[in-house]
Amino acid sequence: MVLASKADRRRKRRLSENVPQYEKVARISTSYVKEDSSKKIKHLLPIKDISGAVIKQYEEYYVDDVVENGVIEGDHQDDEVMDKPEEKPKLNVQQIKMQIAKMCSNIVNEPQIHFSILKKLQNMMWTEKPMETCFIIRKLAMASMACVFTDIIPGYRIRERTEDEKSVKLSKEVRTLVDFEEGLLRHYRSFLESLEKVLKKEKNEKNPILSGEEKKELTFLAVKSLCELYEKTTHFNFHNNIVMVLVPLTNSSNKQISEMCCNSVRSIFRSDKSGEASLATIKVLCKLIKDESGSKRRIRPEVLDTLLSLHINHVDFEAMSRQPNKLSAKDKKKAAVEKKRLSRGQRKHLKRQEKLQNELKETEATERRETKIKYHTEIIQQVFLVYFRILKQKKGQRPERLLNSVLEGLAQFAHLINIDFFSDLIQVLQNLISSGDLNYRQNLCCISTAFKVLSGQGEALNIDPTEFYKHLYEALFQLIYSTTGYKRNVKRGRDENRLSDLNLTMNCLNIMLNKRRRQVTLGRLQAFIKRLAALSLNLHPASSAKAVLVITSKLIQSNTKTNALFDIESQAKGVYLPELEDPEHCGATSACLWELHALRRHYCPDLRKQSSKILRDSAKEQQHRHR
């Protein structure tokens, strides 16, 4: 045995004096040690820097770093601490917000890695502990998940893999992408089911944790989340499922929820270029109107008003005239003969080619014009089906509050109606006007619809619109007090109602008299000019009278023979009867436009200038004719 020298023993003794005696020092637990009501410290192993100094390490954590189901993960205190309930850490709203924000930030930054955190967020939607912050956790988790999904959802539809595709061995990158897509679909479907449960209130608790007001607020937030997903994920999976849940809420008894859903539907109708999402919405909407029309529950007019936001200009009229999904016997026979001529291999090749073309259409990024026209044709068919069903109902069964929306819709889409329905539609509109049950605006909508139908393809039909001229001539003076005749929307003011009615009246006069000037007789034209001049004397404010004078000036210029109204010496047969409500037989050729001379002394300078201009132009025209 070799003994250590005296120098070696001295060196070991010197080194032992500099090194800390870790075994003699009391050991500090590496678990979470409570130092503050909101923080914990975890001690780590010490390190030595370049100079040789020993540095102690520790890490600070907030109490709520990981919250799942209302329980704090990683909170493993000593038994002595856990036995004291008064020392248990408490959560506050700011800590909850910070934790959920941290989780959402991780998902958005690296969704393919951290998408599993979505399950924790969804569990927080149904958490029951802690009691004091249960509602806040549910609310924040629901709103955060809706925002996260709108950010991480890809710009394409995810296709589920077949059994053969699942058996194929994939590379690491492809496997990561496939796992992310499948996990995203799974969590997204689960989130939508959770929102539907909140709306349907399927989770009935014997001892409810939330109050009535909290449940209403949570329901409103669920509807808001569905509206956001409905507008921003039209291209993604399960959009039709969102439509099935959201569209019936447009007729909700809660006015706030109904208005929110109607605004979302309008947004889709305005922004949808292809028409696929609009068609899915229209089908559910039409089914809702059909089911609710026979029940005691009423359809809100705002539900039908959403259809006015559709932007459809081109449809396939041939497809509208034939029955869908049905081939004629000649086409079937021709297809069968062509198929028999092919060999067995050719048939398989043709079948494979058709399948490939269908898959390419699904993944095609650009919108096809044929597909767009097809969707728009189906949409307009569904819309007219709803409108005609309401119009053909009997007086006692037809909901009169929906008539304004139906007539406005027909007036907007009249140029898209199939020519086969023109005669029936004109007859229905004449019956409505003749019934006398409509107010001024409804009469204008009927007249506008009828003449829009007759101005396009309807010019080829032999239909006499005399009744519509008579009804408009009779109803013109109702424009003065039209705002007191009905109350379509109590929030709208009288001036706004009058302006809307005035614009619709001017449009009707422009279509009936200006655009169809060749089909209008001189007596009818002079009768309308005379009545419009009398109307301008009674309208208020002066801007309305000015608009009437503008259309009057256009009508005078459309036919030079109307200058006889300014000549008191012109010979005409009969006497003008202003109280007669037939423009053809009221004797307007014997009338004189004295109203324009009265308007020259009006208090409004614009009216004075406008009336003076009409008189000067007529005087110049008469001088030119005498020369």
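Residues numbered from 1 in each chain as written. Predicted model: local features only at pLDDT ≥ 70, side-chain atom pairs only at ≥ 80, totals over all residues. Heavy atoms only, no water.

What follows is about the overall build of the protein. For the protein, the helix and strand inventory stands at 26 helices and five strands. The buried share of the protein, reckoned over its 627 residues, is 40%. Taken as a whole, the protein presents about 38,600 Å² of accessible surface, with 51% of it coming from carbon and sulfur. (Helix = DSSP H or I, 4+ residues; strand = E, 2+ residues; numbered from the N terminus. Buried < 20%, exposed > 50% of the residue type's maximum accessible area, 1.4 Å probe, protein only. Areas by Shrake-Rupley, 256 points an atom, 1.4 Å probe, with all protein chains shown as cover.)

Before going further, it helps to spend a moment on a positive patch on the surface. Taken together, the side chains of R600, R601, R616 and K620 define a basic patch exposed on the protein surface. Mapped onto the elements of the fold, K620 is located in helix α26 (residues 605-626). With relative accessibility at 57%, the residue K620 sits in the exposed group. (Patch = residues over 30% accessible without salt bridge, like charges linked within 9 Å, V, L, I, M, F, W, Y side chains within 5 Å. Salt bridge = Lys/Arg side-chain N within 4 Å of Asp/Glu carboxyl O. Lys, Arg positive; Asp, Glu negative; His and termini not counted. Charge placed at Lys NZ, Arg CZ, Asp CG, Glu CD.)

The next subject is the pattern of salt bridges. Considering all chains together, one arrives at 13 salt bridges under this definition. The shortest N-O distance in the salt bridge between E217 and K139 comes to 2.3 Å. Of this pair, E217 sits in helix α9 (residues 212-232) while K139 sits in helix α6 (residues 134-152), and the two are 78 residues apart along the sequence. We classify E217 as partly exposed; its relative accessible area is 34%. The class of K139 is partly exposed, set by a relative accessible area of 29%.

Along the chain, the position of S264 falls in helix α11 (residues 255-271). Assessed through its relative accessible area of 1%, S264 is described here as buried. Those residues in contact with S264, other than ones at most four positions away along the chain, are C227, Y230 and E231. (Contact = heavy atoms within 4.5 Å.)

Turning next to the packing of helix α5 (residues 117-125) against α6. When two helices pack together, their arrangement is given by the angle between the helix axes and by the axis-to-axis distance. Where α5 contacts α6, the axes come no closer than 8 Å and their chain directions differ by 145°. α5 and α6 meet at a crossing whose hand is left-handed. Residues L118, L121, Q122, M124 and M125 of α5 lie in contact with α6, whose contacting residues are I137, R138, A141, M142, M145, V148, F149 and I152. Per-class residue counts for the contact of α5 with α6 are 11 nonpolar, one polar and one charged. (Axes fitted to C-alpha atoms, helices over the stretch in contact; angles between N-to-C directions. Left-handed = near helix turned anticlockwise from the far one by under 90°. Nonpolar A, V, L, I, M, F, W, Y, C, P; charged D, E, K, R; others polar.)

Another point: helix α10 (residues 239-246). One turn of an α-helix holds 3.6 residues; hence residues three or four places apart share an orientation. Buried residues of α10: H239, I242, V243 and L246, and no others. Along the axis of α10, the buried positions cluster into a sector of 105°, meaning they face one direction only. Of the exposed residues in α10, those oriented more than 90 degrees away from the buried face are N240 and M244. (Arc of directions from axis to C-beta.)

Unusually for a residue other than glycine, F238 sits at a positive phi of about 65°. Looking at the secondary structure, you find F238 in the loop between α9 and α10.

Moving on: the packing of helix α19 (residues 422-435) against helix α21 (residues 466-475). Where α19 contacts α21, the axes come no closer than 11 Å and their chain directions differ by 30°. Classed by the angle they form, the pair α19 and α21 counts as roughly parallel. As for how α19 packs across α21, the hand of that crossing is left-handed. When α19 is examined against α21, the residues I426, L429, Q430, I433 and S434 are found in contact with a partner set consisting of E467, F468 and H471. Classifying every residue of the contact of α19 with α21 by side-chain character gives four nonpolar, three polar and one charged. (Parallel < 35°, antiparallel > 145°, perpendicular 65-115°, else oblique.)

This paragraph deals with the confidence of the model for the protein. Confidence in the prediction of the protein, expressed as mean pLDDT, is 78, and 75% of residues score 70 or more. pLDDT under 50 marks residues 323-327. Its contacts with residues more than four places away, or in other chains, come to one contact. In this model, residues 483-494 is a region of pLDDT below 50 whose contacts with residues beyond four sequence positions or in other chains number 15 contacts. (pLDDT = per-residue confidence, 0-100.)

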